Amino acid sequence: QVQLVESGGGLVQSGGSLRLSCAASGTIFGINGMGWYRQAPGKQRDLVATIDSGGRITYADSVKGRFTISRDNAKNTVYLQMNSLKPEDTAAYYCNAFIIQNYGGRWSNYWGQGTQVTVSS
């Protein structure tokens, strides 16, 4: 069984910072891409940032220059440092990862339960 657990969300003032963490646990042989997505009520889930096993990164245009994604492979953890937060960043943030549990097994996509980020004006 594999679980992704997010932490670090909260309520901050506009211009503030938060650091999100997502730790994968369980039987894990390997992790390929990891990323963060966000979804506000009534809206679709959108990509925020991704990082693959080689460290290649993709950001949504709306967060470039403000957010930084990183990962610690020894801890099976991906981070999202969020600076200069805006009210428009308010959403539930979800961790995503492609994980294989056994050598030669099937790659599967996993989602965390989400952590709420609320930015007040």
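Residues numbered from 1 in each chain as written. Predicted model: local features only at pLDDT ≥ 70, side-chain atom pairs only at ≥ 80, totals over all residues. Heavy atoms only, no water.

Some remarks on the state of the cysteines
Part 1: Tallying each qualifying case throughout the model produces 1 disulfide.
Part 2: Across a sulfur-sulfur distance of 2.0 Å, Cys-22 and Cys-95 are joined as a disulfide pair. The disulfide joining Cys-22 to Cys-95 has a torsion of about -80 degrees about its S-S bond and is therefore left-handed. Of this pair, Cys-22 sits in strand 3 (residues 18-26) while Cys-95 sits in strand 9 (residues 91-100), placing them 73 residues apart in sequence. Residues Cys-22 and Cys-95 agree in their burial class; the two are buried. (Disulfide = S-S within 2.5 Å. Helix = DSSP H or I, 4+ residues; strand = E, 2+ residues; numbered from the N terminus. Buried < 20%, exposed > 50% of the residue type's maximum accessible area, 1.4 Å probe, protein only.)

Let's talk about the nonpolar core
Part 1: Counting 30 residues, the largest nonpolar core has Leu-4, Trp-36, Leu-80, Met-82 and Tyr-93 as the members making the most contacts within it.
Part 2: Mapped by element, the contributors of at least two residues to this core are strand 1 (2-7), strand 3, strand 4 (30-39), strand 5 (46-51), strand 7 (67-72), strand 8 (77-82), strand 9 and strand 11 (115-120).
Part 3: The element that contributes the greatest number of residues to this core is strand 9, accounting for 5 residues.
Part 4: Those residues in contact with Leu-80, other than ones at most four positions away along the chain, are Leu-18, Arg-19, Leu-20, Trp-36, Val-48, Ala-49, Phe-67, Thr-68, Ile-69 and Tyr-93. (Core = buried A, V, L, I, M, F, W, Y, C linked by side-chain atoms within 4.5 Å. Contact = heavy atoms within 4.5 Å.)

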